[in-house]
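Listed below, chain by chain, are the residues.
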Amino acid sequence: SATLRHAAFATLSAWHSFAAVLTYNLGGSMGRPQHTVCALIAQLACVVSGFSFAFGSAVKKNTAHIATAHMTSVLPRLLDSTGNQVDASRLHGKRVALYFSAGWCPMCTSFEPALSKFRDAAEAAGNPIECIYVSSDRSTGVAAKRAYEQGMLQVPFDEADELKRRHNVWAGSECFKFGFGRRSGVPALVVLGPIGNEIAFVDAERRGPKALEKWPAGGMWGPS
């Protein structure tokens, strides 16, 4: 990356300076050995310090870039509550979950006030949560309206099936489409770790609001 090239250039420049001091001291200051050694040690310390800083910064930035790329690869396109596409970098500094739900499902609608309260409390505590709505609604319009009302990101309606199969979560009415071997119906949340891996499963269909206690305290994604 450009950052790594910059680190390499900075390190090379520092080594050139060190070589110049070495040449000067060994070639023209043989009568002052103590000065020579001190100058060499000081210059070498600068080289090591400069390399550590430049390389550390490069690794940190490169790691953040890899995390963003990986998160983008494990998620489909993301839409905001008005249907506009958003970048996965919006998830930086937040705890992230896929929310499998449907408006026609009474268990979902009765669970959502507790979920909203949980998100508000997390926001107030400085640990914001971003929920991504994965719809089992009957139409694109209903799915978009639900995401808007709850202030959630959403996956495109026609791309939700991929996530349902991947995480083995779908509504009972979808069993003839996906099969009967699911681990849960709706509502349910799959909590994602910093690189898009699953770190917790909130089985709200079985346990209701109490299932939110399973949400881990950590798991902030990307740089804050």
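Everything quoted here is computed from the prediction, not taken from an experiment.

Just give me the short version of helix H3 (residues 106–124), but keep the residues and values in it.
End to end, H3 covers 28 Å across 19 residues, agreeing with the expected 27 Å (1.5 Å per residue, within 8%). Where H3 bends most, the angle comes to about 35 degrees, and this point is Glu112, followed within four residues by the proline Pro113. Looking at the buried residues of H3, the elements they touch are strand S3 (95–101), strand S4 (129–135), helix H4 (140–150), strand S6 (188–192) and helix H7 (204–207). Gly126 sits one or two residues past H3 and shows a positive phi near 80 degrees.

So what's going on with the confidence of the model for the chain? Which residues, and what values?
Of all residues in the chain, 66% attain a pLDDT of 70 or more, and the chain-wide mean is 79. Mean pLDDT in the chain bottoms out at helix H2 (residues 33–74), which sits at 47, and peaks at H7, which reaches 98. Per-residue pLDDT stays below 50 along residues 44–48; that stretch engages in five contacts with residues further than four places along the chain or on separate chains. Taken as a whole, residues 50–55 scores under 50 in pLDDT and shows four contacts with residues more than four places along the chain or in a different chain.

The rules behind these values
Residues numbered from 1 in each chain as written. Predicted model: local features only at pLDDT ≥ 70, side-chain atom pairs only at ≥ 80, totals over all residues. Heavy atoms only, no water. Helix = DSSP H or I, 4+ residues; strand = E, 2+ residues; numbered from the N terminus. Expected span 1.5 Å × (residues − 1). Bend = angle between axes of the 7 residues up to and from the residue. Contact = heavy atoms within 4.5 Å. pLDDT = per-residue confidence, 0-100.

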